[in-house]
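What the coordinates show
Chain by chain, the residues:
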Amino acid sequence: MKMTKMTALLLAAAMALTACGSTAAASSTAASEAASVEATAAPEATATPEAPAADETAVAYPLTVTDQLGREVTIEEEPKTLASGYYISTSLLIALGVQNELVGVEAKADKRNIYSLSAPEIQSLPSIGTAKEFDLEGCAALAPDLVIVPAKLKDSIPQMEEMGLTVLAVKPENQADLFGAIELLAQTTNTVARGEELEMAIDSNLAALAEAVAGTDAPSVYLAGNSSVLETAGPAMYQNTMIENANGTNAAASVEDTYWAEVSYEQILDWNPDYIILASDAEYDVDSVLNDAALADCTAVKEGHVYQLPHAVEAVDSPVPASFLGSVYLASVLHPEQVTEEYYHAAADEFYGSFYGFTPESYE
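A short tour of the structure in this document, coming up.

1. Thoughts on the environment of Thr166
Its place among the elements puts Thr166 in the loop between helix 6 (157-162) and strand 6 (167-170). In this structure the C-alpha to C-alpha distance between Thr166 and Val73, which are 93 residues apart in sequence, comes to 7.6 Å. Setting aside anything within four residues of it in sequence, one finds Thr166 in contact with Val73, Thr74, Ile75, Asp145, Leu146 and Val147.

Here's what the structure looks like:
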């Protein structure tokens, strides 16, 4: 039976991730699932260079770093207790293996399935609020050695520092900045080797995806927001990177808003996207869009090209470490001959098994 291009690339990515130090069991699972799709033998592959051993990447303190607001922050000693006011940084800290050092997390952590699957103990930790309603006093009472917050909380950081807290801000709104956030937190938590393994795993998957969809036409994609189909993500948001990684073009590329932009039905019809993709956490469903009379003349609706991004594990259209899976899933929708659904499942098994310690029971 003939091997598809994407199947071959998955096998290469699995081999590379094994070389980076991921578990043999997870690698075996992904490779066997990929092989069962269409392949009977693997092509030759060049393994990614092994990540340095932990003792070769140990961090010396005091350590001065620049966070993603451009602030220079000095960390006097290796942090032993952490507080994360942002689900992006919390998920990243789990992938780095320091979840046991968390003493406080963002609000509604008990609602996040990724935590219940990978680190259920953090769901009962004290809440330090949200970007809109951060609990300064509650966070200070926990006396964490290091606090990680979203860049949206920049105006609250001076007050946090007055309370004696050491604070880092992250803002991973594109692929480069996601890697920057990984490097920043890996360095400050003395997990550089693990951070390099994580980056190499993401990078190898994205490289395999890029090769698989190279040369295909890039259809236009309208990515609808959580609350309404009349919200969309412009080029300033991570969702734009996800679309580009899947070799699509963002129908809302002209939008200047830095967050979810409100648009009209007339604007959507004018863009006339080939696909409408609902956010992972959308409060409405695919059928409601397909049956929306105001969108009846949209190409995506006429052709039935309306889908919702996976949400069984976490929102993969946000810049979490596993966000590349959002691109893989989207590519399986836009380019099903090059990227199969089975490939998406195998990639998810490999990554979550290696960095979060579980295999998803459901993918969508």
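2. Digging into the packing of aromatic side chains
Counted according to the given criterion, the structure contains ten aromatic pairs. A centroid spacing of 5.7 Å and a plane angle of 75° characterise the contact between Tyr86 and Tyr87, whose relative ring orientation is edge-to-face. Here Tyr86 falls in the buried class, since its relative accessible area comes to 16%. Taking relative accessible area as the criterion, Tyr87 reaches 26% and is therefore assigned partly exposed. Where Phe351 meets Tyr356, the ring centres are 6.3 Å apart and the plane angle is 50°; that geometry is what we call tilted. Both residues of the pair, Phe351 and Tyr356, count as buried. One aromatic cluster in this structure is built from Phe324, Phe351, Tyr352, Phe355, Tyr356 and Phe358. Note that Arg112 overlies the ring of Tyr87, its terminal NZ or CZ placed 4.2 Å from the centroid.

3. What about helix 13 (residues 324-334)?
In terms of burial, helix 13 is a largely internal element, eleven of the eleven residues being buried. Every buried residue of helix 13 is listed here: Phe324, Leu325, Gly326, Ser327, Val328, Tyr329, Leu330, Ala331, Ser332, Val333 and Leu334. Elements that come into contact with the buried residues of helix 13 comprise helix 8 (192-213), strand 7 (220-224), helix 9 (238-245), strand 11 (275-278), strand 12 (306-308) and helix 14 (341-355).

4. Looking at the environment of Leu198
Take Leu198: it is sitting in helix 8. The residues touching Leu198, leaving out its near neighbours within four places in the chain, are Leu92, Ala95, Leu96, Ile182, Pro321, Phe351 and Phe355.

5. Concerning the packing of helix 13 against helix 14
Orientation of helix 13 relative to helix 14, taken along the N-to-C sense of each, is 170°, at an axis distance of 9 Å. For the element pair helix 13 / helix 14, the angle class is roughly antiparallel. Contacts from Phe324, Leu325, Val328, Tyr329 and Ser332 of helix 13 reach helix 14 at Glu341, Tyr343, Tyr344, Ala347, Ala348, Phe351 and Tyr352. Of the residues assigned to the contact of helix 13 with helix 14, the class counts are ten nonpolar, one polar and one charged.

6. Side note on the environment of Thr249
With respect to the helices and strands, Thr249 occurs in strand 9 (residues 249-250). Residues Thr249 and Tyr222, spaced 27 residues apart in sequence, show a C-alpha to C-alpha distance of 8.7 Å. Every residue in contact with Thr249, bar those within four places of it in the chain, is listed here: Ala218, Pro219, Ser220, Val221 and Ile243.

7. Describing helix 14
With 15 residues, helix 14 should cover 21 Å at 1.5 Å per step; its first-to-last C-alpha distance of 21 Å lies within 8% of that length. Among the 15 residues of helix 14, 13 are classified as buried, and the element is accordingly described as predominantly covered. Of the residues flanking the end of helix 14, it is Gly357, one or two places downstream, whose phi is positive at about 80°.

8. Some thoughts on the sheet that holds strand 4 (residues 102-104)
Taken in spatial order, the four strands of this open sheet run 4-3-5-6, and their pairing is parallel. Edge positions in the open sheet fall to strand 4 and strand 6, since each of these has one partner strand only. For this sheet, the mean angle separating the axes of adjacent strands, direction not counted, is 30°. Relative to strand 4, strand 3 (residues 82-84) is paired through two bridges, and the arrangement is parallel. Paired with Leu82 across the two strands is Leu102, which belongs to strand 4.

9. Quick notes on the side chain of Arg71
Residue position: Arg71 is located in the loop between strand 1 (63-66) and strand 2 (72-75). Note on Arg71: relative accessible area 18%, which makes it buried. Of the polar contacts made by the side chain of Arg71, one reaches the side chain of Asp67; its length is 2.5 Å. Engagement of the side chain of Arg71 in a polar contact is seen with the backbone oxygen of Val167, the distance being 3.1 Å.

10. What about unusual backbone geometry?
When glycine is set aside, most residues are seen to have a negative phi, and most peptide bonds are trans. Residue Pro62 follows Tyr61 across a cis peptide bond; omega there is 0°. On the secondary structure map, Pro62 appears in the loop between helix 2 (24-37) and strand 1. Residues other than glycine seldom take positive phi values, yet Lys108 does so here, at roughly 65°. Considering the arrangement of structural elements, one finds Lys108 in the loop between strand 4 and helix 4 (113-118). Judged by its relative accessible area of 64%, Lys108 falls in the exposed class. A positive phi angle is found at Asn190, which is not glycine, with a value near 60°.

11. Digging into the packing of helix 8 against helix 14
The interhelical angle for the contact between helix 8 and helix 14, taken along N-to-C directions, is 175°, at an axis separation of 11 Å. Judged on the interaxial angle alone, helix 14 and helix 8 are roughly antiparallel. Side by side, helix 8 and helix 14 meet where Arg194, Glu197, Leu198, Ala201, Ile202, Asn205 and Ala208 of the first sit next to Tyr343, Ala347, Phe351, Ser354 and Phe355 of the second. Among the residues making up the contact of helix 8 with helix 14, the classes are represented as eight nonpolar, two polar and two charged.

What counts, and at which threshold
- Chains are numbered independently. Their residues run from 1 in the order of the written sequence.
- Whole-chain, interface and lining totals are the exception, using all residues; otherwise, since this is a predicted model, local features are given only for residues with pLDDT of at least 70 and side-chain atom pairs are given and counted only at 80 or more.
- The basis for every side-chain value is the complete set of heavy atoms in the structure, and neither hydrogens nor water enter the calculation.
- Only DSSP runs of H or I covering at least 4 residues are called helices, and only runs of E covering at least 2 are called strands; the numbering of each starts at the N terminus.
- It only takes one pair of heavy atoms within 4.5 Å for two residues to be counted as in contact.
- For Phe, Tyr and Trp, rings pair up if their centres lie within 6.5 Å, where Trp contributes its six-membered ring, and each pair is then called stacked (planes under 30 degrees apart), edge-to-face (over 60) or tilted (otherwise).
- Only protein chains enter the area calculation, which uses a 1.4 Å probe; residues under 20% of their type maximum are buried, those over 50% are exposed, and those in between are partly exposed.
- For a Lys NZ or an Arg CZ to count as sitting over a ring, it must be within 6 Å of the ring centre and within 35 degrees of the ring normal.
- Interaxial angle, 0 to 180 degrees, is taken between N-to-C directions of lines fitted to C-alpha atoms, where a helix line uses only the stretch in contact.
- Orientation labels follow simple angle bins: below 35 degrees gives roughly parallel, above 145 gives roughly antiparallel, 65 to 115 gives roughly perpendicular, and whatever is left gives oblique.
- Note that Gly is not counted as nonpolar here; it falls among the polar residues with everything else outside the nonpolar set of Ala, Val, Leu, Ile, Met, Phe, Trp, Tyr, Cys and Pro and the charged set of Asp, Glu, Lys and Arg.
- Here a helix's expected span is defined as the number of its residues, less one, multiplied by 1.5 Å.
- By definition, two strands form a pair when at least two bridges between them are found by DSSP.
- Any pair of N or O atoms that falls within 3.5 Å is considered a polar contact. Within protein, one atom must be able to donate a hydrogen and the other to accept it, and sequence-neighbouring residues count only if both atoms are side-chain atoms.

Interpretation note: all reported values are geometric properties and have no functional meaning in isolation.
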